[in-house]
Amino acid sequence: MEISKESFSTIVSKATLVQIITITLTYLSPFLIAYFTGGFWIKEKTFTEQAEVKFQYRFIALLEGETNTYISSSYESINQIYSNEYRPSVRTITELDTNEDGINDLLELSIFISGIPIDTITNIKLILLFNSTLSAYSKLKLESLAYLESYNAKKSSELNFDGEIQFVQREKLREKITYNGYSYQLLNESNIDLEALNLDKIMRDYNSREYSTRLITDFVSWKNTLAEGFRINAHIRYAPFTISYVPAFWEQFKWGWIQYICSLIPFIYVFKRIKIFIFENQLVPTISMNITQKLKSS
Amino acid sequence: MAADLSVRSSLPLQILLYLNQWYYIFWLIVESLSFVFKGQTLPFASGVLAGEIILFIFLFLLDMFRIHFATKGNLTERIIGIIVSIVLTLPCIGGSLYLLLWQHYVLRIELIINAIQLVFIALEVILEIIAIIVFARSNA
Amino acid sequence: MGLKSVQNGLVPTRFMCMLAHMVMLISLLIRRNEYVGSCDTVLYQNVNLLNNQFIIGLSISIGILAIELVTFITGITLFNTFQSLISTFLHSSAAISLSIMVFFKWCSVDFWYIFGFCSCIPFIFEIIFLIGIWLFKRTIN
C-alpha cells in the first residue's frame, strides 16, 4: 500500500506562486551556472592529422654571390627568361615513410647546381612546392610552399638544412567542406609572364591565403667543399598538422546538453525537498489529502 | 511554602542561546574554509598553522560547552550552570579576540564573523547576569 | 497552524539566511573600491558620486536588515510563516547574488537591483505585519 499526499489549492494563490517560482528556478539555474562559468557552446576544437604531403618535384633556387646571381629551377620558362643566370641542376629526391603508417613523412632532397665558381655564394633563396591533402575532418587540397632564405657572410658552396613543414591556419575550418580553392598552381608551368615572376608578390599572395604551410628550419649550415658548383642537401619532415575547427551544430548541442542535464539534476532534487517542506508544513495555505493506492496485485 | 509556579527562566537568553548554537555551525564552516584557504595560499612558519587550527577546534568545543551549561542553567533555574557558563565565557572571549586581532593572517570574512560572535557573547553575558540576579532573589 | 514548520527548522533557516546577507553586506562595505572602480568610466563620470551612493545604499540595507533581525529575535514575527518564507527566499538569494558580485567584480550600480528586490520587499512585508499587530491587533499566519 502506498500512501501519498496531494495538496490542492485554487489557481490564484500563494501555493501556485511557490510552484511557479520553484519550477522557474529549477530549470533556469543550470543556464545561469553555465553562463557564469564560461558558456555552454564549445566554439573551437583542435585535432591533429598527418596530412599527405607530396613533393611536386618543382623548385626555384636563387643564388646570389657578391657580384653575380644565378638561378635554377624546374620551370622551363623561367630558365629561358633568365638564360644568362641560369645554371643547370641535378636533383636527387627520395620520399620516405619512416613510421610505416602508409603516409610519407620525410623528404630527402639533394640539388647540385653546376657551373658556379668555387666559393662564391653568400645568399640563397629556395622555393619548394608541395601538394598537401587533408582528409580527416574536411577535404582540403592545398598547394603548399616551403620558402627558405639563408645568408652567410663567408662565401661557401654547400648548404645543409633540416626542416619541418607546418600548417598555418588563419581561419578556423568549418565542418565538412571540400575546399580545392588553393589547389591551383602558383606558377603556371607553361605560360609565365614577367609580371608574375615578382618574388615579393608571389610570397605575399601565398601568405595571405587562409590555409597554407610554412617551412620551419631547425638547422641550417653552410660548408665549403672546394669543388665547383653549389650543392643543397635537405631533410624535410612532414609533421602532423594541428588543425582547429568550429564544431558542427550537433556536436555543440551534444556537449551543451550534457552540461545542462548534469547541472539540472541536483537542482531538481533540492527544489523537490524544498517543495515537500513547504507544502507539508503548510507554509502556504493548501488543502491536503492522503491518497491511498492499493498495489495492483491485490 | 506555596509552590511558585511562575516561570523565571529568561526567554531572551534562551532565544539568544538557541540562535547562537545555529550561528556556531555557520561559524565553524566559514572558519574551516578560511583555514583551508590560508593553508593553501599563504606562507606559514612551520607549526603555526597547526597551532591555530588546534586553537580553533578547542574554541569551538569550549563554546559548545558554554552554551550547553547556560541552557541547562537557564531551563532549570539554577545558578550553578550559569556561573560555569560565565567562567567559560572568559576563554571564549579570549579565543574570539585572538581570531579577530592577533592571528597571523586575518581575512575580511573572519573579521566580520568573529565580531558578530563577540556581539552575541556580550548580549548573553548581560542577560546571564540579570538571570543570576533573578534566580538568586527568588531562591533566597 | 504552521508551528509544525517551526519544529522542523524554519526559524534557524531564516536566521541563517538573514545572517548570511548581513555578513555579505558588511564585507562589501569594508572594501568598496573594487566595485566602484569596475564601473564603466564612460557612462559614469563621477566616481565620488558613485562611491557615496554605494555607501548610502549599503548602509540603508544594513539598517533595514538590523531592524528585521530585531523584530525577528524579539519574537514579533518569529512564528509568522508567510514572512519566514519570503524572508528566507529573498535573503538567501541576496546572499548568493552578493557573493556572485564579489567573485565577478560587478559594477556597484548593479547593487541597486539587489537592494530593491532583496532588502526592500521583506522590510515592506515586515512593516505591514507590524502595523497589523499594533494597530489592528491581528496576526496573519
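Within every chain, residues take consecutive numbers counted from 1 along the sequence as written. Chains carry letters from A onward and ligands carry numbers from 1 onward, assigned in written order. Reporting of local features is limited, given that this is a predicted model, to residues whose pLDDT is at least 70; pairs of side-chain atoms are given and counted only at 80 or more, and all residues count toward the totals for whole chains, interfaces and linings. As a rule here, side-chain values come from all non-hydrogen atoms in the structure, and water together with hydrogens is ignored.

Where an unreviewed UniProt entry is consulted, chain B appears under the name Transmembrane protein 216, with the organism given as Brachionus calyciflorus. Turning to chain B, the UniProt record has this under Subcellular location (unreviewed entry): "Membrane". UniProt positions are given in the numbering used here, feature names are shortened, and annotations may be inferred rather than shown by experiment.

Looking at an unreviewed UniProt entry, one finds chain A named Transmembrane protein 231, with Brachionus calyciflorus as its source organism. Its UniProt record, at the heading Sequence similarities (unreviewed entry), says of chain A: "Belongs to the TMEM231 family." Turning to chain A, the UniProt annotation filed under Subcellular location (unreviewed entry) states: "Cell projection, Cilium membrane".

Undergrad: Looking at this model, I keep getting lost on the packing of helix α1 (residues 11-41) of chain B against helix α2 (residues 10-30) of chain C. Mind explaining?
TA: For any two helices packed against each other, one specifies the crossing angle of their axes together with the interaxial distance. Lines are fitted to the C-alpha atoms to define the axes, a helix being fitted only along its stretch in contact, and any angle between axes, read from their N-to-C directions, falls within 0 to 180 degrees. Where helices and strands are cited, they refer to DSSP runs of H or I of at least four residues and of E of at least two residues respectively, numbered from the N terminus. At a minimum axis separation of 10 Å, α1(B) and α2(C) run at an interaxial angle of 55°. The angle between α1(B) and α2(C) falls in the class oblique. Along this stretch, α1(B) crosses α2(C), giving a crossing that reads as right-handed. Within the contact between the two elements, α1(B) uses B:Tyr18, B:Leu19, B:Trp22, B:Tyr23 and B:Phe26 and α2(C) uses C:Pro12, C:Phe15, C:Met16, C:Leu19, C:Ala20 and C:Val23. The class makeup of the residues in the contact of α1(B) with α2(C) is 11 nonpolar, no polar and no charged. Geometric relationships in this document are graded by angle, where less than 35 degrees denotes roughly parallel, more than 145 denotes roughly antiparallel, 65 to 115 denotes roughly perpendicular, and other angles denote oblique. Should the near helix be turned anticlockwise from the far one by less than a right angle, the crossing is left-handed, and should it be turned clockwise, the crossing is right-handed. We call two residues in contact whenever any of their non-hydrogen atoms come within 4.5 Å of each other. Three classes are used, and their members are as follows: Ala, Val, Leu, Ile, Met, Phe, Trp, Tyr, Cys and Pro are nonpolar, Asp, Glu, Lys and Arg are charged, and the others, Gly among them, are polar.

Undergrad: What exactly am I supposed to notice about the sheet that holds strand β4 (residues 69-73) of chain A here?
TA: All names here are of chain A. If you trace the five strands from one edge of the open sheet to the other, you get β4-β3-β7-β8-β10, paired in mixed fashion. A single partner strand is all that each edge strand has here, and the edge strands are β4 and β10 (178-179). Note that strand β7 (residues 121-134) and strand β8 (residues 139-156) share 13 bridges and pair antiparallel. For Leu126, the partnering residue across the bridge sits in β8 and is Leu148. In this description, strands pair whenever DSSP reports at least two bridges between them.

Undergrad: Any chance you could explain the packing of helix α5 (residues 81-104) of chain C against helix α6 (residues 111-136) of chain C here in plain terms?
TA: Residues and elements named next belong to chain C. Between α5 and α6, whose axes approach to 10 Å, the crossing angle comes to 160°. Judged by the angle between their axes, α5 and α6 are roughly antiparallel. Crossing of α5 against α6: the hand is left-handed. Taken together, the residues of α6 that come into contact with α5 (itself represented by Phe82, Gln83, Ile86, Leu90, His91, Ser93, Ala94, Ser97, Leu98 and Met101) are Phe111, Ile114, Phe117, Cys118, Ile121, Pro122, Phe125, Glu126 and Phe129. Split into classes, the residues belonging to the contact of α5 with α6 amount to 14 nonpolar, four polar and one charged.

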